[in-house]
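Summary of structural features
Each chain is listed here by its residues.
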Amino acid sequence: MVRAKKTLEVREGKNGKGVYARVSFDSREYICRFSGPLFSSAGLPTPYDDYYDHYVQIAEDIFMGPSGDIDDFFNHSCNPNAALIVSENIVELIAFRDIEAGEEIVWDYSVTMLNDDWCIPCACGSTNCRGSIREFKYLPVDIQSKYISLGIVPEYVLRGNGMLAEQKK
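Residues numbered from 1 in each chain as written. Predicted model: local features only at pLDDT ≥ 70, side-chain atom pairs only at ≥ 80, totals over all residues. Heavy atoms only, no water.

Further remarks concern the sheet that holds strand β4 (residues 38-39). The strand order β4-β6-β5 describes an open sheet built from 3 strands, whose pairing is antiparallel. Whereas interior strands pair on both sides, the edge strands pair on one side only; in this sheet they are β4 and β5 (56-59). Relative to strand β6 (residues 62-64), β5 runs antiparallel, the two being bridged by 3 bridges. By the bridge assignment, Gln-57 is partnered in β6 with Phe-63. (Pairing = 2+ DSSP bridges. Helix = DSSP H or I, 4+ residues; strand = E, 2+ residues; numbered from the N terminus.)

One pass over the full model with this rule turns up 1 cavity of 30 Å³ or more. Looking at the largest cavity, its volume works out to about 40 Å³. Taken together, Pro-80, Ala-82, Ala-83, Leu-84, Phe-96, Trp-107, Asp-108, Val-111, Tyr-147 and Ile-152 make up the lining of the largest cavity. Among the elements that take part in the lining of the largest cavity, strand β8 (residues 82-87) stands out by supplying 3 residues, more than any other. (1 Å grid on protein atoms, 1.4 Å probe; cavity = no way out; pocket = protein on both sides within 12 Å on 5 of 7 lines; lining within 4 Å. Points joined across faces, edges and corners; volume = space filled by probe spheres on them.)

In this section: the nonpolar core. Core analysis: the biggest nonpolar cluster contains 44 residues, and Leu-8, Ile-31, Phe-34, Phe-74, Leu-93, Ile-105 and Tyr-147 have the highest contact counts within it. Only β2 (16-21), β3 (30-34), β5, β8, β9 (90-95), α2 (141-150) and α3 (155-160) provide two or more residues apiece to this core. The dominant element in this core, judged by the number of residues it contributes, is β8, at 4 residues. Not counting residues within four places of it along the chain, the set of residues in contact with Phe-74 comprises Leu-8, Val-19, Ile-31, Cys-32, Phe-34, Leu-93, Ile-105, Trp-107 and Tyr-109. (Core = buried A, V, L, I, M, F, W, Y, C linked by side-chain atoms within 4.5 Å. Buried < 20%, exposed > 50% of the residue type's maximum accessible area, 1.4 Å probe, protein only. Contact = heavy atoms within 4.5 Å.)

Glancing now at the pattern of salt bridges. Under the counting rule described, the total for this entry stands at 5 salt bridges. One salt bridge connects Arg-97 with Glu-103, and the closest N-O pair in it is separated by 2.5 Å. A relative accessible area of 34% places Arg-97 in the partly exposed class. (Salt bridge = Lys/Arg side-chain N within 4 Å of Asp/Glu carboxyl O.)

Glancing now at the pairing of β8. As paired strands, β8 and β9 are joined by 6 bridges and run antiparallel to one another. Bridged to Ser-87 within β9 is Ile-90. Turn length for the β8-β9 hairpin, with the two strands adjacent in sequence and antiparallel, is 2 residues, and the turn residue Glu-88 shows positive phi of about 60°.

This brings us to unusual backbone geometry. Backbone geometry places Arg-28, a non-glycine residue, at a positive phi of 75°. Examined against the element boundaries, Arg-28 turns out to sit in the loop between β2 and β3.

Within this structure, the stated rule accounts for 0 disulfides. Here Cys-129 is not cross-linked by a disulfide; its sulfur's nearest cysteine counterpart is in Cys-122, at 3.6 Å. Assessed through its relative accessible area of 30%, Cys-129 is described here as partly exposed. (Disulfide = S-S within 2.5 Å.)

Our next topic: the side chain of Gln-57. Mapped onto the elements of the fold, Gln-57 is located in strand β5. A polar contact is formed between the side chain of Gln-57 and the backbone oxygen of Ala-59, at a distance of 3.1 Å. When residues no more than four places from it in sequence are discounted, the contact partners of Gln-57 are Ile-62, Phe-63, Thr-112, Met-113, Leu-114, Asn-115 and Tyr-156. (Polar contact = N/O pair within 3.5 Å; in protein donor to acceptor, adjacent residues only side chain to side chain.)

With that settled, consider the packing of aromatic side chains. Overall, the coordinates contain 5 aromatic pairs when judged by the stated rule. Both rings, one in Phe-34 and one in Phe-74, keep their centres 5.7 Å apart while their planes meet at 20°; by these two values the pair is stacked. In this pair, Phe-34 is assigned in strand β3 and Phe-74 in the loop between β6 and β7 (75-76), connecting sequence segments 40 residues apart. Accessibility assignment for this pair places Phe-34 and Phe-74 in one class, buried. Through a chain of ring-to-ring contacts, three or more aromatic side chains come together here, namely Phe-34, Phe-74, Trp-107 and Tyr-109. Cation over ring: Arg-11 sits above Tyr-20, and NZ or CZ is 3.9 Å from the ring centre. In this structure, Arg-134 packs its charged tip against the face of Tyr-138, placed 3.7 Å from the ring centre. (Phe/Tyr/Trp six-rings, centres within 6.5 Å; stacked < 30°, edge-to-face > 60°. Lys NZ or Arg CZ within 6 Å of the ring centre and 35° of its normal.)

Okay, here's the thing in structure tokens:
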């Protein structure tokens, strides 16, 4: 995370701590790599608090826990400027549009979720806020299509929602 420490900073924002760009990022540019211990759903904390426990789903039954580093502070937005790219157990955040220096870097948590029971209120404040953060299949179809065309939806999400076969045509 050496590069991340030079190009990113954690500071207070409208929804608590968030990660802000110290430099501009071009669309498709690498921002940082996520790290942290891996857990199965059975290994998640009990009781599990969807709001306060920050675990990122990275495979059908694998979650990445908090790292104690800057990647723990990226917030959700229904109007994101970045996306997680999940390949095996490698999780990287990339810009999917240009990001200006000083802008908060946010991603849509729903893109990686394959868990029908998972739902938390959304407070992102964007003009297109959906009011809740839920599994990918609950996103409006136009947003699903946009994310799929950008190539930011992990295979396990597409497979779990019966969409993988459509993508390979």
